[in-house]
Amino acid sequence: MMRFIALALSLVLVGAQAAPAGPWLREKGKGFIATSGNITQEKDTSGSAYFEYGLRDNITLGADLFYGIDRTLQQSGSGIVFLRFPISKPDATHKWAWHVGVGARSQNRIFTPAVEAGISWGRGIKVGERYGWAVIDSSLNIPGSDLETRIKLDGTIGLGFGDHFKGMAQVFTTHQGGEVFAKFAPSLLIIPGKGKYTLQIGVEVPVQGGGDTEFKLGLWRDF
């Protein structure tokens, strides 16, 4: 548990989590930064950091980082720096965007260059008197010869429950090495004060491909 707390605090202190990216681009000069830490009952731990910044109204710069260490001290990681561009018009109900990026992936401190491309869809939704959002993110990550190509397809539905609380449900699917891995991840989002920060409390439950349930603690910030 202490290892998980230290990991989560270190990620928060550097300022940033893998928030759902989606097709909405950042306004010029506006940004988003977040961190999260995960832990299983068997002490497998991981952390992720996500960053976006509006270079222009139609170009968003981003970075997506991950690091994990399991109960046997096996390590894995990945990092991508990307640019996101719009496909749909600014006033479209259905938002579409694509991204392309470069970076690296690692396994037990052996690093391999990687390139990535993907498409995202999203739109605002309304359920009764509550407003929210729906997003589908896809990506194709191609590393050097030491690791397998990774295909990801993630879905997110979020719904507001007042000014300070939101609910979010996500499904993460990954195809890699001829296998499919899937997780269901519900979260509670707490927005205290003036809304500059969002605290995420949730779990990730494996539904295909094995693995253990993970507890997640994250912090988001707009700037």
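Everything in this summary refers to the structure shown in the same document. (Residues numbered from 1 in each chain as written. Predicted model: local features only at pLDDT ≥ 70, side-chain atom pairs only at ≥ 80, totals over all residues. Heavy atoms only, no water.)

1. Structural notes on the sheet that holds strand E10 (residues 179–190)
- Spatial strand order, E1-E2-E3-E4-E5-E6-E7-E8-E9-E10-E11-E12: 12 strands in a closed barrel with antiparallel pairing. Ignoring which end each strand starts from, the neighbouring axes of this sheet average 20° apart.
- With 11 bridges joining them, strand E8 (residues 150–160) and strand E9 (residues 165–176) adopt antiparallel strand pairing. Each residue of the ladder has a partner; that of Ile 151, found in E9, is His 175. (Pairing = 2+ DSSP bridges. Helix = DSSP H or I, 4+ residues; strand = E, 2+ residues; numbered from the N terminus. Axes fitted to C-alpha atoms, helices over the stretch in contact; angles between N-to-C directions.)

2. Some points on the pairing of strand E12 (residues 214–222)
- Of the strand pairs in this sheet, strand E1 (residues 31–40) and E12 are connected by 9 bridges, and their pairing is antiparallel. Within E12, the residue paired with Ser 36 across the bridge is Gly 218.
- The sheet contact formed by strand E11 (residues 197–208) and E12 spans 8 bridges and is antiparallel. Each bridged residue has a counterpart across the sheet, and for Thr 198 the counterpart in E12 is Trp 220.
- Hairpin connection between E11 and E12: a loop of 5 residues separates the two successive antiparallel strands, and Gly 209 in this loop has a positive phi of roughly 90°.

3. Some details on the packing of aromatic side chains
- Tallied over the entire structure, the rule returns 6 aromatic pairs.
- Taking 5.9 Å as the distance between ring centres and 75° as the angle between the ring planes, the aromatic pair formed by Phe 32 and Trp 220 counts as edge-to-face. Placement of the pair is Phe 32 in strand E1 and Trp 220 in strand E12, with a sequence separation of 188 residues.
- A relative accessible area of 6% places Phe 32 in the buried class.
- Judged by relative accessible area, which is 10%, Trp 220 ranks as buried.
- Ring geometry for Tyr 50 against Phe 82: centres 6.2 Å apart, planes inclined by 35°, an arrangement best described as tilted. Taken together, the residues span a long stretch of sequence, with Tyr 50 in strand E2 (residues 45–56) and Phe 82 in strand E4 (residues 75–86) at a distance of 32 residues.
- On the basis of relative accessibility, which here comes to 5%, the residue Tyr 50 falls in the buried class.
- By relative accessible area, Phe 82 is classed as buried at 4%.
- Ring pairing ties together the aromatic residues Phe 32, Tyr 50, Phe 82 and Trp 220, which thus form one cluster. (Phe/Tyr/Trp six-rings, centres within 6.5 Å; stacked < 30°, edge-to-face > 60°. Buried < 20%, exposed > 50% of the residue type's maximum accessible area, 1.4 Å probe, protein only.)

4. Re the environment of Ser 48
- Structurally, Ser 48 is set in strand E2.
- Sequence separation between Ser 48 and Gly 79 is 31 residues, and the spatial gap between their C-alpha atoms is 9.6 Å.

5. A short note on the side chain of Gln 75
- Tracing the backbone through its elements, the reader meets Gln 75 in strand E4.
- There is a polar contact of 2.7 Å between the side chain of Gln 75 and the side chain of Tyr 67.
- Beyond its immediate chain neighbours, meaning those up to four positions away, Gln 75 contacts Tyr 67, Gly 68, Ile 69, Ser 106, Gln 107, Asn 108 and Arg 109. (Polar contact = N/O pair within 3.5 Å; in protein donor to acceptor, adjacent residues only side chain to side chain. Contact = heavy atoms within 4.5 Å.)

Shape is all these values report; function is a separate question.
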